[in-house]
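Residue strings, one per chain:
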Amino acid sequence: MAEVDVKQGQSLEMRRPLSPHLTIYRPMMTMVMSIAHRITGAALYAGTLLFVWYLFAVATGGSAFSFAAWFLGSIIGQIILLGFTFALLHHFFGGIRHLIWDFGYGFDKKGREVLAFGTLIASVTATLIIFIAAHLI
């Protein structure tokens, strides 16, 4: 049973402050990168299933591999691979950012912003380099 504040006539649970949410705070780069880190982590599950499907197609050979190669070579497949590559690299560089924090660096305002922008720039740049290199070979 909830405790009741005799003066106010309402339960103490009702008077507790609500947890802040996205409509309260102005989005900051560190907040956006934190949300992106979670989204890319979830996207890695789907990308891993895609990778397992490809490996099964390679092992099976024949028409299964032909279909997988055709699909991943199509525009839709390339967009999915681009997204998976970005998710993998963004999550990787986000992990490096957290590792830097684990060593006690980058907690000041400027350091947080530099690491957040660095994560984004590194993941986009590495994704483009990998995709351009893959299409030139």
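For the structure, see preceding data.
This is a predicted model, so every value here is computed, not measured. (Residues numbered from 1 in each chain as written. Predicted model: local features only at pLDDT ≥ 70, side-chain atom pairs only at ≥ 80, totals over all residues. Heavy atoms only, no water.)

Caption draft 1: Focus on the packing of helix α3 (residues 62-73) against helix α4 (residues 75-102). The interhelical angle for the contact between α3 and α4, taken along N-to-C directions, is 75°, at an axis separation of 4 Å. One way to sum up the angle between α3 and α4 is to call them roughly perpendicular. Contacts between α3 and α4 involve Phe71, Leu72 and Gly73 from the former and Ile75, Ile76, Gly77, Gln78, Ile80 and Leu81 from the latter. Tallied by class, residues from the contact of α3 with α4 come to six nonpolar, three polar and no charged. (Axes fitted to C-alpha atoms, helices over the stretch in contact; angles between N-to-C directions. Helix = DSSP H or I, 4+ residues; strand = E, 2+ residues; numbered from the N terminus. Parallel < 35°, antiparallel > 145°, perpendicular 65-115°, else oblique. Contact = heavy atoms within 4.5 Å. Nonpolar A, V, L, I, M, F, W, Y, C, P; charged D, E, K, R; others polar.)

Caption draft 2: Summary view of the side chain of serine 74. Inspection of the secondary structure puts serine 74 in the loop between α3 and α4. Serine 74 sits in the buried class, given a relative accessible area of 18%. A polar side-chain atom of serine 74 sits 2.6 Å from the main-chain carbonyl oxygen of phenylalanine 71. (Buried < 20%, exposed > 50% of the residue type's maximum accessible area, 1.4 Å probe, protein only. Polar contact = N/O pair within 3.5 Å; in protein donor to acceptor, adjacent residues only side chain to side chain.)

The quantities given are spatial measurements derived from coordinates; they are silent on function.
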